[in-house]
Protein chains: 2
Amino acid sequence: MLNIGYLGPPGTFSELAARYYVEEKMKEERPKKEPQDEIKLTPFSSLQKVLLAIEKRSVTAGIVPLENSVEGAVNQTLDLLAHNFFKIYFQKEIILAVIHHLLVRPGTKPSGIRQIISHPQALAQCRNYIEQNFPDVETMETSSTAGAAALVAGSHDPWAVIGTTLAAENNGLQVLASNINDYPDNATRFMVVGLEDSEQAPGCKTSVIVTIKDRPGALYSILAEFARRNINLTRIESRPAKRKLGDYLFFIDFLGHRLDKGIRETLDEIVNHTLSLRILGSYPAHPS
Amino acid sequence: MLNIGYLGPPGTFSELAARYYVEEKMKEERPKKEPQDEIKLTPFSSLQKVLLAIEKRSVTAGIVPLENSVEGAVNQTLDLLAHNFFKIYFQKEIILAVIHHLLVRPGTKPSGIRQIISHPQALAQCRNYIEQNFPDVETMETSSTAGAAALVAGSHDPWAVIGTTLAAENNGLQVLASNINDYPDNATRFMVVGLEDSEQAPGCKTSVIVTIKDRPGALYSILAEFARRNINLTRIESRPAKRKLGDYLFFIDFLGHRLDKGIRETLDEIVNHTLSLRILGSYPAHPS
């Protein structure tokens, strides 16, 4: 049985990513054998609970958002991985296009909207649209776009929600404005996470977290090890170490599997330049 | 006349930073001449409006939050500087300790709280406290801690707010729990911003934004220029270029003034490795 945990409620982008993953998985397995007889998608109320369910083995894997092309890193995911969950590995990368819509209860007029509620990333991704069309409307954060849709559907307050057409259908809401993203090529990168990473294969990426000595200048000596072996970095993201201002962790992604010879050598070398090195795992990159 | 714009309403950490700046400014000027006869602090309803007021010269300078020791970069500030406001320069760095409190209307009991509202960074900085003490309580985002306090004070809903003792005093709220920050050494780095940067002097920092060719691997050749001249990097922060997933800008801070010889040379050299280089300015670093 396959049981995939994701940030609910149903109707979120995370559920769309989970469905995509399950479909891919079924396509892969069909030539070999019958599809898995039971597949379950389990929504959780927070990212923390998704990761906890994996560590407790009550789900087989989870889906977490990692970064968005407009809003950048999903800091909560990065911080949970760096500070709270040390047994979680990356298994697969999934990239989904993100399209936002402004949803209201049927009959609500634009001029009647006093509050726009949604997930903070959705609000951020439509910041210019809101500023231009609803300059005096307050925004409020909820833990998911789908949760915000349910809240608006069940309320009599003059609220609108930014969400998916799936959330509109699920909650009997009307699409007041379509494609309200500030940037058209909006995409979110999700990771399938579990208790182990993926087998060595071509087309993999690897993700690590490094803590460096002293100041970000030390980052140079780490990047030098990658550059010397022509390893292609795809992303560097700093997050605060949470001790004091000026102490950072770096999330580094690069092409290749951690068992590939050049990468094994690089990681062995990097240990000498870092206070800590954690391998988040190697995984098949999303086909580009 | 000195007129300083900040993210209001009054009672925010930005106002505390603005007050700190004005006091420092008066101390500096006292030995030379009489203090400026008029000093005004002007609250704005968004960071966008603060920056716009500077460009329109309706304020002499502004205060914007740049990063926090726990929550990391203030993405909205970085994105506005990178994508919307091209005439704004950094003039001075101010670092303030941040202490959060849980505020309620007098008489509200912890068990009666159904919603905790505040600025998203304040909510994030007290995430563990909320998760442990109010696991089933929804959080909602407002544009400022002070705004959230006013909202709670004027409502009959079972809400609590995360804010400053100043906000509690201003709004007749009661401190239900003190020092609820998840991390004790919580500090925020603010920048004084205006239409020009600061004069060459010892103890300065410089901030730049670079767009690099292709992938973050190119970051290595930029860092090499700094390393070769022993220039101390204090921070590297990536933000999405907002075109497509995998395109990033880098905010780089380092010690020294842009007119110092070694730094002038470095910046001249870096231009060859970047698609764009923008100097956000050189400014006195906050005394450590």
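First, a word on what this report is: a plain description of the structure on this page.

The rules behind these values
Sequence positions are assigned chain by chain, starting from 1 and proceeding in written order. For this description, chains carry letters from A and ligands carry numbers from 1, given in the order in which they are written. pLDDT decides what is reported in this predicted model: residues at 70 or higher carry local features, side-chain atom pairs at 80 or more are listed and counted, and totals for whole chains, interfaces and linings draw on all residues regardless. Only hydrogens and water are set aside; all other atoms, that is, all heavy atoms of the structure, feed into the side-chain values. The pairing criterion is simple: DSSP has to find at least two bridges between the two strands. A run of H or I in DSSP becomes a helix once it reaches four residues, and a run of E becomes a strand once it reaches two; helices and strands are each numbered from the N terminus. The convention used is that axes are lines fitted to C-alpha atoms, helices contributing only their stretch in contact, and that angles between N-to-C directions extend from 0 to 180 degrees. Contacts: residue pairs with any heavy atoms within 4.5 Å of one another. Reported buried area values correspond to the accessible surface (1.4 Å probe) lost by two parts on association, with both partners' losses combined. Polarity classes work like this: nonpolar for Ala, Val, Leu, Ile, Met, Phe, Trp, Tyr, Cys and Pro, charged for Asp, Glu, Lys and Arg, and polar for all others, with Gly in that last group. To line up the copies, we fit them by least squares on C-alpha atoms, keeping just the residues with pLDDT of at least 70 in both. We define the nonpolar core as a collection of buried residues of types Ala, Val, Leu, Ile, Met, Phe, Trp, Tyr and Cys that are connected through side-chain atoms lying within 4.5 Å of one another. Buried, partly exposed and exposed residues are distinguished by accessible area as a fraction of the type maximum, computed with a 1.4 Å probe on protein chains only: under 20%, between the cut-offs, and over 50%, respectively. Two rings belonging to Phe, Tyr or Trp (six-membered ring only in the last case) form a pair when the distance between their centres is within 6.5 Å. Interplanar angles under 30 degrees mark stacking, angles over 60 mark edge-to-face geometry, and anything in between is tilted. Any carboxyl oxygen of Asp or Glu that lies within 4 Å of a side-chain nitrogen of Lys or Arg is treated as forming a salt bridge with it. In these notes the angle categories are as follows: under 35 degrees is roughly parallel, over 145 is roughly antiparallel, 65 to 115 is roughly perpendicular, and the rest is oblique. Crossing handedness: left-handed means the near helix sits turned counterclockwise from the far one by under a right angle, and right-handed means the same turn made clockwise.

**Here we look at the sheet that holds strand β6 (residues 101–104) of chain A**
Residue and element names in this part refer to chain A. Taken together, 5 strands build an open sheet; the order of strands is β8-β7-β9-β6-β10 and the sheet is mixed. One side of each edge strand has no neighbouring strand; the edge strands of this open sheet are β8 (138–141) and β10 (174–177). The sheet shows a mean angle of 35 degrees between the axes of neighbouring strands, taken without regard to direction. Across 3 bridges, the pairing between strand β7 (residues 115–118) and strand β9 (residues 159–163) is parallel. Across the sheet, residue Ile116 finds its bridge partner in β9, namely Ala160. Seen against the sheet, helix α6 (residues 145–153) touches β7 and β9 and runs at an angle of roughly 155 degrees to β9.

**What about the interface of chain A and chain B?**
Of the residues lining the interface, 52 residues belong to chain A; the matching set on chain B comes to 52 residues. Carbon and sulfur atoms make up 51% of the surface buried where chain A meets chain B, a total of about 4,500 Å² over both sides. Here the element with the most residues in the side of chain A that touches chain B is strand β13 (residues 233–240) of chain A; it accounts for 8 residues. Each residue belonging to the side of chain A that touches chain B can be placed in one class, and the counts come to 19 nonpolar, 16 polar and 17 charged.

**Details of the relation of the copies chain A and chain B**
Overlaying chain A with chain B gives an RMSD of 0.0 Å, the required rotation being 180 degrees about an axis along which the chain moves by 0.0 Å. What the superposition gives is, in effect, a two-fold axis relating one chain to the other. Judged by C-alpha distance, A:Glu141 is the residue of chain A that lies nearest the rotation axis, at 2.2 Å. By residue overlap, the copies meet face to face through one surface: 100% of the interface positions of chain A are interface positions in chain B.

**Things to note about the nonpolar core**
By size, the foremost hydrophobic cluster in this structure holds 34 residues, and its most contacted members are A:Ile252, A:Phe254, B:Ile252 and B:Phe254. If sequence neighbours within four positions are ignored, B:Ile252 has contacts with B:Thr206, B:Ser207, B:Val208, B:Val210, B:Leu219, B:Ile222, B:Phe226, B:Leu233, B:Arg235 and B:Ile236.

**Looking at the sheet that holds strand β10 (residues 174–177) of chain B**
Residue and element names in this part refer to chain B. If you trace the 5 strands from one edge of the open sheet to the other, you get β8-β7-β9-β6-β10, paired in mixed fashion. On the outer flanks of this sheet lie β8 (138–141) and β10, each paired with one strand and no other. Strand-to-strand twist across the sheet, computed as the mean angle between neighbouring axes with direction ignored, equals 35 degrees. Pairing of strand β6 (residues 101–104) with strand β9 (residues 159–163), which is carried by 3 bridges, proceeds in the antiparallel orientation. Counterpart to Leu102 in the pairing with β9 is Ile162. Its contacts with the sheet place helix α6 (residues 145–153) against β7 (115–118) and β9, and it is angled at close to 155 degrees to β9.

**Comments concerning the packing of aromatic side chains**
This structure, assessed with the given rule, holds 7 aromatic pairs over all chains. Geometrically, the ring pair formed by A:Tyr129 and A:Phe134 is tilted, given 6.3 Å between the ring centres and 55 degrees between the ring planes.

**Here's the deal with the pattern of salt bridges**
Pairing between side chains of opposite charge can happen when their charged atoms approach one another. For the coordinates displayed, the defined rule picks out 38 salt bridges over all chains. We note a salt bridge from A:Arg228 to A:Glu225, for which the minimum N-O separation is 3.5 Å. Of this pair, A:Arg228 and A:Glu225 both sit in helix α8 (residues 219–228), separated by 3 residues, roughly a single helical turn. One salt bridge in this structure joins B:Arg243 and B:Asp247, with 3.4 Å as the shortest N-O distance. The exposure class of B:Arg243 is partly exposed, given its relative accessible area of 45%. Judged by relative accessible area, which is 15%, B:Asp247 ranks as buried. Three or more residues are tied together by salt bridges with common partners; here these are A:Glu67, A:Glu93, A:Arg189, A:Lys205, A:Arg235, A:Glu237 and A:Asp253.

**Re helix α2 (residues 47–55) of chain B**
For the α-helix, the turn length of 3.6 residues means that residues three or four positions removed from each other point alike. Here α2(B) has its buried residues at B:Leu47, B:Gln48, B:Val50, B:Leu51, B:Ala53 and B:Ile54. Buried residues in α2(B) make contact with α5 (127–133) of chain A together with β1 (2–7), β2 (39–44), β3 (61–68), α3 (75–83) and β11 (187–194) of chain B. After α2(B) finishes, the residue B:Arg57 shows a positive phi value of roughly 60 degrees.

**Looking at the packing of helix α8 (residues 219–228) of chain B against helix α9 (residues 261–270) of chain B**
All names here are of chain B. At a closest axis distance of 10 Å, the pairing of α8 and α9 adopts a crossing angle of 160 degrees. One element, α8, and the other, α9, form an angle in the roughly antiparallel class. Taken as a pair, α8 and α9 cross one another with a handedness that is right-handed. Contact with α8, carried on its side by Ile222, Glu225 and Phe226, involves Thr266, Glu269 and Ile270 of α9 and no other residues of that element. Within the contact of α8 with α9, the residues separate by chemical class into 3 nonpolar, 1 polar and 2 charged.

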